[in-house]
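So the chains spell out like this:
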Amino acid sequence: MSETEKFVKTSCKICRRECGMIAHIKNGKIIALYGDPDHPVNKGALCSKAAASVQFEYDGNRLLYPLMRVGKRGEGRWRRISWDEALDYIAKKLKEIKEKYGPESIACHTGCECEEHVYLDRRFWDAAGWPNFFNGWGVCYAPQAVAQIYTFGVPLSEFTNAFDYWEKTNLFIIWDAKLPEGQPSYMGAVPRRILDGAKCIVIDPQLTPLATRATMWVQIRPNTDLALALAMINVIINEELYDKEFVEKWTTGFEKLKEHVSKYTPEWAEKITDVPAETIRTIAREYAQNKPSYICYGWCCHHTQYFQFARAYSILIALTGNVDIRGGHILGWPRSPMIDDGFLAFDPRLGLRDKRKIPEVAKEFPAVYEALKNFTALAHGLMKMLRQGKVKALFVDAMNMPLRTPTYNRFVKDIESVELLVVFDVYLGEVEGKIAKYADIVLPAKTFLERDCLSIQLWHKYGIIHVRQKVVDAPGECKSNFEFYTMLAKKMGLGEYFPWKNEEELFDWLLEPTGVKFERLKKEGYVQVGEPISEKTYEKEGFPTPSKKVELYSSILEKMGVDPLPTWHDELMLKQDEKYPYIHTSYTPARQHSWTNWKAVRDLEEVLEQDHAYIPERIALEKGIKTGDLVYVETKHGVATYKAVVKKYIHPETIIVSRGNPEQAKIIDILDPIDPISSFMAERGIPCNVRRVQ
Ligand code: SF4
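Now for a quick tour of the structure. Remember, it's a predicted structure, so these values are computed and weren't measured experimentally.

Structural notes on the sheet that holds strand β24 (residues 654-658)
An order of β20-β24-β21-β23-β22-β25 is seen for the six strands of this closed barrel, with the pairing classed as mixed. Strand after strand, the sheet turns through a mean of 45° between neighbouring axes, direction not considered. As paired elements, strand β21 (residues 612-616) and strand β23 (residues 638-647) share five bridges and run parallel to each other. Note on β23: the bridge partner recorded for Ala613 is Ala644.

Written out as structure tokens, the structure reads:
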């Protein structure tokens, strides 16, 4: 190998799985990215998104310098400025806005890609005394974590059962989750286990690639998952299929639950879900009798009864004793040995956690805020404030809000009252729907391949800390979040909260208690500093709930005025009518994390059906629609244009569109409808219509 050619260990940051990666560098450029065969998560596999990030890295449209808007908002006229000028301008405007409108008027919304640095953003907001900090959880996973906290005391560790644990799983329920298709490097373990003889039940309105290989495909009407889960609980209790020893010793509220679900019979659920009663019985029996079994939940949750569905499947997990066992669901998340668990925001020396103020919008949804005090997972609240004209300064980092917190058309109007919109991004606005296009100041960001980073995500599962290191130099004047917030803090008199000279010094400080230096991590990729997650941790001190047991019946929720047992609310079902006779729902091939910038990767655009609407044969016949036709999909929020793909195996009243693209963002709205407990946007089960473009 020549001197100018080398292989560098790093890890992928396109999604939260953080697969190990090896970058092949030649003459200072990445020529290929491979999966790291030694890495415990992916063991050498990478998914298409990760492999395609080379194209992303060298796309000619990278943002290289700070820009200031000179034309009207969204017009696309800019002036190149220096970092110094950008930071002076931002600092001055922030001081003015705080003076004039108060600290609640300054908000930040971050996404997933910068997650290792999200704590720097949070730290900055806490140090400045601004309460309105929001992260990507609000459009993703938060209600599930919250429901699990009220049930188990802590969230279940997300997808804990990496390869090794799934070896023990006898049955998977893939509940409207496209993860095995979207993240094959990680979730590819599921199809492999099917080949080895594990059972798999796919619950989904459409026949997915995985469903073709599954033991059962259960076609469900969107937005009715709670009814199915309640009927499964009914069967498991009535037929005494539950884990009696676990239920007796480790749960509270069983008798109340038994009485409560007696009305939720499979026959009752059949009318709501379109799943035959006998099939519901079969799923419940299979799930209870093939322990360890694992429920992988996905977009099925994103509807008006999201929180209570998450409570119901948590109860299914508990009733069957599938909690905290390998092959089932593991309780998360143990603290790591790093300083304050590696969470920069909570620096114990500075008491930042105690300084934090509760955002006003959080008080409307106490179940979420009380459970997740450290994370402001209320994207809904931010959008509401925007719509009310209360946000005057907005920072957006790794979150493409027009697409992730739609409605797109409304969003463009809603930001008119914002006096300072700062976007930290990799691209400007060539891809439709990018927020950078509407910014006052755009700052060029480094990609995950251009900056050093310490990742603690895998600590919780494997006891390892691993590295995501710079493999190439960033182009132009791109900077990392660390560099940006450190510079801005100095300009704003908050330098004491960002005392580190560089990222390495910061990481070494965080790593101090482990005895591992960042330099070593860079060489080795990851270092084992603790034990991997173990089973039945509750046996020592009980579950971290008030009763020390799994709370099937939640007295905390009851005190908040929330149903203490998951309850079906028919009034939350969105009714189809003559104008909107079908049901809109969405799916994602899970490749649009990180600013939705992967839309800019042309190879991916070609292989994935991103701008397609799946239309059932019957509707296509009635409407004269053929595969390849352009169609309008309409909801009360607007009209989107898609290419039709006529499908045979899809719920007969359902139109399924891909999620996270500008068209879908025109027909759903983060504020209407929502799950009234979690505030989460419902984007499934929305009445719609479809017609061919003439
Ligand atoms: S699943 Fe794919 S996108 Fe996610 S971290 Fe692994 S390789 Fe990257």
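Having seen the model, we can carry on.
Notes on the environment of Arg356
Mapped onto the elements of the fold, Arg356 is located in the loop between α16 (352-355) and α17 (366-371). On a C-alpha basis, the gap between Arg356 and Arg122 in space is 9.9 Å, while along the polypeptide they are 234 residues apart.

Looking at the sheet that holds strand β3 (residues 29-35)
Strands sit in the order β1-β2-β3 across an open sheet of three strands; the sheet is antiparallel. Only two strands of the sheet have a single neighbouring strand rather than two, namely β1 (5-11) and β3. Between one strand axis and the next, the sheet turns through 25° on average, direction left out of account. With six bridges joining them, strand β2 (residues 20-26) and β3 adopt antiparallel strand pairing.

A few points about helix α15 (residues 306-319)
A turn of α-helix holds 3.6 residues, and therefore any two residues three or four places apart point the same way. Its 14 residues place the ends of α15 20 Å apart at the C-alpha level, agreeing with the 20 Å of an ideal helix rising 1.5 Å per residue. With respect to burial, α15 is a largely interior element, 14 of its 14 residues being buried. Of the residues flanking the end of α15, it is Gly321, one or two places downstream, whose phi is positive at about 70°.

Description of the packing of aromatic side chains
Enumeration over the complete set of coordinates arrives at 28 aromatic pairs. Judged by centre distance (6.1 Å) and plane angle (65°), the rings of Trp166 and Phe172 are edge-to-face. Since its relative accessible area comes to 0%, Phe172 is described here as buried. Arranged with centres 4.9 Å apart and planes meeting at 70°, the rings of Trp175 and Phe309 form a pair that is edge-to-face. One end of the pair, Trp175, is in strand β8 (residues 171-175); the other, Phe309, is in helix α15, with 134 residues separating them in the sequence. The same class applies to Trp175 as to Phe309, namely buried. Aromatic ring contacts, followed pair by pair, group Trp83, Phe124, Trp125, Trp130, Phe133, Phe395, Phe424, Phe484, Tyr485 and Phe498 into a single cluster. Of note, Arg123 hangs over the ring of Phe498, and the distance from its end group to the ring centre comes to 5.7 Å.

Focus on the nonpolar core
For soluble globular proteins, nonpolar side chains are generally found buried alongside one another. With 109 residues, the main nonpolar core has Ile173, Trp175, Met232, Leu319, Leu394, Met401 and Leu421 as its most contacted residues. Ranked by the residues each element gives to this core, the list is headed by helix α10 (residues 225-238), at eleven residues. Counting residues in hydrophobic clusters, the runner-up holds 54 residues, among them Trp83, Ile97, Phe133 and Val422.

Observations regarding the side chain of His466
Along the polypeptide, His466 turns up in strand β17 (residues 464-468). For His466, the side chain forms a polar contact with the side chain of His39, separated by 3.3 Å.

Observations concerning the pairing of β21
Of all five residues in β21, five are buried, a share of seventy percent or more. For β21 and β24, the ladder comprises two bridges, and the chain directions are antiparallel. Among the inter-strand pairings, Ala613 is bridged to a residue of β24, identified as Val657.

Topic: the packing of helix α13 (residues 266-273) against helix α14 (residues 277-289)
Relative orientation of the contacting elements α13 and α14 amounts to 110°, with a least axis distance of 8 Å. If you check the angle between α13 and α14, you find them roughly perpendicular. Between α13 and α14 lies a crossing whose hand is right-handed. Of α14, the residues touching α13 (which contributes Pro266, Glu267, Ala269, Glu270 and Thr273) are Ala277, Ile280 and Arg281. Tallied by class, the residues present in the contact of α13 with α14 amount to four nonpolar, one polar and three charged.

Some points on helix α18 (residues 379-387)
For α18, a buried count of seven out of nine residues is recorded, marking the element as mostly surrounded by other parts of the structure. Taken together, the buried positions of α18 are Ala379, His380, Gly381, Leu382, Met383, Met385 and Leu386.

A look at the packing of α10 against α15
Running from amino to carboxyl end, α10 crosses α15 at an angle of 25°, the nearest separation of the two axes being 9 Å. In terms of their interaxial angle, α10 and α15 are classed as roughly parallel. For the element pair α10 and α15, the recorded crossing hand is left-handed. Facing Asp225, Leu226, Ala229, Met232, Ile233, Ile236 and Ile237 of α10, the residues of α15 in contact are Gln308, Phe309, Ala312, Ile315, Leu316 and Leu319. Of the residues belonging to the contact of α10 with α15, the class tally is eleven nonpolar, one polar and one charged.

Notes on the pattern of salt bridges
Under the defined criterion, the tally for this structure stands at 38 salt bridges. Across the pair Lys491 and Asp84 runs a salt bridge, and its minimum N-O distance is 2.9 Å. Taken together, the residues span a long stretch of sequence, with Lys491 in helix α22 (residues 481-491) and Asp84 in helix α3 (residues 83-101) at a distance of 407 residues. One salt bridge connects Lys291 with Asp243, and the closest N-O pair in it is separated by 2.6 Å. Pair noted here: Lys291 is in the loop between α14 and β12 (293-297) and Asp243 is in the loop between α10 and α11 (244-250), with a separation of 48 residues, a long-range link. Judged by relative accessible area, which is 33%, Lys291 ranks as partly exposed. Connected through shared salt-bridge partners, Glu239, Glu267, Glu278, Arg281 and Arg285 make up one network.

Quick word on the pairing of strand β15 (residues 441-444)
Burial along β15 is two-sided: the residues Ile441 and Leu443 and Val442 and Pro444 are all buried. Pairing of strand β4 (residues 67-69) with β15, which is carried by two bridges, proceeds in the antiparallel orientation. By the bridge assignment for β15, Leu67 is matched with Val442. Across four bridges, the pairing between strand β14 (residues 420-425) and β15 is parallel. Looking across to β15, one finds that Val422 is bridged to Ile441.

Looking at unusual backbone geometry
Geometrically, the link from Lys291 to Pro292 is a cis peptide bond, its omega value of -5° lying close to zero. In this fold, Pro292 is placed in the loop between α14 and β12. Backbone torsion omega between Asp672 and Pro673 reads -5°, so that peptide bond is classified as cis. For Pro673, the location among the structural elements is in the loop between β24 and β25 (686-692).

With respect to the environment of Val422
Along the chain, Val422 turns up in strand β14. Through-space distance from the C-alpha of Val422 to that of Phe395 is 4.8 Å; in sequence the pair is 27 residues apart. If we skip the residues at most four places from it in the chain, Val422 touches Ile90, Leu394, Phe395, Val396, Ile441 and Leu443.

Reading the values: rules and limits
Residues numbered from 1 in each chain as written. Predicted model: local features only at pLDDT ≥ 70, side-chain atom pairs only at ≥ 80, totals over all residues. Heavy atoms only, no water. Pairing = 2+ DSSP bridges. Helix = DSSP H or I, 4+ residues; strand = E, 2+ residues; numbered from the N terminus. Axes fitted to C-alpha atoms, helices over the stretch in contact; angles between N-to-C directions. Expected span 1.5 Å × (residues − 1). Buried < 20%, exposed > 50% of the residue type's maximum accessible area, 1.4 Å probe, protein only. Phe/Tyr/Trp six-rings, centres within 6.5 Å; stacked < 30°, edge-to-face > 60°. Lys NZ or Arg CZ within 6 Å of the ring centre and 35° of its normal. Core = buried A, V, L, I, M, F, W, Y, C linked by side-chain atoms within 4.5 Å. Polar contact = N/O pair within 3.5 Å; in protein donor to acceptor, adjacent residues only side chain to side chain. Parallel < 35°, antiparallel > 145°, perpendicular 65-115°, else oblique. Left-handed = near helix turned anticlockwise from the far one by under 90°. Contact = heavy atoms within 4.5 Å. Nonpolar A, V, L, I, M, F, W, Y, C, P; charged D, E, K, R; others polar. Salt bridge = Lys/Arg side-chain N within 4 Å of Asp/Glu carboxyl O.

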